[in-house]
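So you can see what is in the structure, the chains are spelled out below.
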Amino acid sequence: MLAKMKQQLFALPQFALPHHFLSRLMRIPTHASNVLWKNFFIKRFVNFYGVNMAEAKTENIAKFQSFNAFFTRTLKQTVRPVDSGPFSIVSPADGVVSQAGNISEDRMIQAKGKHYSLTNLLGGDAERAAPFLGGDFATIYLSPKDYHRLHMPLDGNLKEMIHVPGRLFSVNQATTAVVDNLFGRNERVVAIFDTPAGPMALILVGAIFVASIETVWHGVITPPTRPAPQTWMYGNQRPVELKKGEEMGRFNMGSTMIVVFGQNSVEWSHLMKEGQTVRIGESIGSWGGDV
């Protein structure tokens, strides 16, 4: 009971907050290049969250041009080897598994006792959601200390990208346990790929203080925030092909990534349970011959 009250005290005031205004304000200090400010900010952040700078390609914090450059830092090539199994699905992010499992009709698990709609998550188009009904999903939460670039779980050809406007609630455990339909309320970018395992959707969910979401093929998508969903189509005229383990996007400040596959196409490994830490490149499931 006490834990539930703490979650409510953290989450409920967020309904009254001007999410996008606060996120625009956060963009100013996180992109500032003042040496004294950005070095102080980065050092305090590293010490407070215990960021492992030994994994970073640039270990010296003074060499980052801004806090955001540090936050979206690249890693040394050797620290995240990509599983080479021909049927493996690899983690697209460093983080913690929030939920993973089956999509029951159109319902996905957000937290214990809370569900949300797959169709709503993908922008409200039933035809877009249809290939994923009865499929499988995994939700990975990126904490502030984590690496915030996102990578491909397996080879894919991009077919469609959708920006869905919305709120910017926090996506941590306390908020997901309290706010109904959190991932369907928050602003997000949906990327749909054709893969050897069938259709795959990668959903990049925004959150409070997330200054922007970007992809490697488009650049910054948000901001600006649009009043209605916007769609970009890809294919023969605009081919985007990415290999397993390649970078596909990033959060400029932290958030959550959701991976969705179609029915009977994948099987998650024992790693994919609530609270389990995962790292980019490690196998989290299989498809095809190993399902």
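Refer to the structure above for everything that follows.
It should be emphasised that the depicted structure is a prediction, and the values quoted were computed from it without experimental measurement. (Residues numbered from 1 in each chain as written. Predicted model: local features only at pLDDT ≥ 70, side-chain atom pairs only at ≥ 80, totals over all residues. Heavy atoms only, no water.)

**Q** What is the right way to look at the overall build of the protein in this model?
**A** The helix and strand inventory of the protein stands at eight helices and 18 strands. In the protein, buried positions account for 52% of the 291 residues. For the protein, contacts bridging at least 24 residues in sequence account for 76% of all contacts bridging at least 6. (Helix = DSSP H or I, 4+ residues; strand = E, 2+ residues; numbered from the N terminus. Buried < 20%, exposed > 50% of the residue type's maximum accessible area, 1.4 Å probe, protein only. Contact = heavy atoms within 4.5 Å.)

**Q** Would you mind going over the sheet that holds strand 6 (residues 149-151) with me for this structure?
**A** Working definition: the strands of a sheet are paired by backbone hydrogen bonds and lie parallel or antiparallel to each other. Read from one edge of the open sheet, four strands run 6-14-10-11, paired in antiparallel fashion. Single-partner strands in this sheet number two, and they are strand 6 and strand 11 (219-222). For this sheet, the mean inter-axis angle between neighbouring strands, taken without regard to orientation, is 25 degrees. Pairing geometry for strand 6 and strand 14 (residues 247-252), over three bridges, is antiparallel. Each bridged residue has a counterpart across the sheet, and for leucine 150 the counterpart in strand 14 is glycine 249. (Pairing = 2+ DSSP bridges. Axes fitted to C-alpha atoms, helices over the stretch in contact; angles between N-to-C directions.)

**Q** What's the story with the packing of aromatic side chains in this structure? I'm lost.
**A** The description of two aromatic rings rests on the distance between their centres and on the angle between their planes. Scanning the model with the defined rule gives 14 aromatic pairs in all. Ring centres 6.0 Å apart and planes at 85 degrees place the aromatic pair phenylalanine 193 and tryptophan 217 in the edge-to-face group. Of this pair, phenylalanine 193 sits in strand 8 (residues 188-195) while tryptophan 217 sits in the loop between strand 10 (212-215) and strand 11, and the two are 24 residues apart along the sequence. On the basis of relative accessible area, phenylalanine 193 is assigned to the buried category, the value being 0%. Accessibility expressed as a relative area gives 18% for tryptophan 217, which makes it buried. (Phe/Tyr/Trp six-rings, centres within 6.5 Å; stacked < 30°, edge-to-face > 60°.)

**Q** What am I meant to see in the nonpolar core here?
**A** Burial of nonpolar side chains together is a common tendency in soluble globular proteins. Membership of the largest hydrophobic core comes to 36 residues, with the highest contact counts inside it found for Phe193, Leu202, Leu204, Trp217, Met248 and Phe261. Secondary-structure elements contributing two or more residues to this core are strand 5 (136-141), strand 7 (156-164), strand 8, strand 9 (198-205), strand 14, strand 15 (256-261), strand 16 (266-268) and strand 18 (283-287). Those residues in contact with phenylalanine 261 that lie beyond four places of it in its chain are Ile89, Ile103, Phe132, Gly135, Asp136, Leu154, Thr195, Ala197, Pro199, Met200, Val266 and Trp268. Judged by nonpolar contacts, the second largest core, of 24 residues, contains Ile103, Leu122, Ile192 and Ile258. (Core = buried A, V, L, I, M, F, W, Y, C linked by side-chain atoms within 4.5 Å.)

**Q** Would you mind showing me how to read the sheet that holds strand 1 (residues 88-90) here?
**A** Across the sheet, which stays open at both edges, the three strands sit in the order 1-18-16 with antiparallel pairing between neighbours. Across the chains shown, the open sheet's two edge strands, defined by having one partner strand only, are strand 1 and strand 16. Here the average twist between neighbouring strands, direction ignored, is 35 degrees.

**Q** Can you help me understand the side chain of threonine 119 in this one?
**A** Within the secondary structure, threonine 119 sits in helix 5 (residues 118-121). Leaving out residues up to four positions away in the same chain, threonine 119 has contacts with Asp106, Gly124, Asp125, Ala126 and Ala129.

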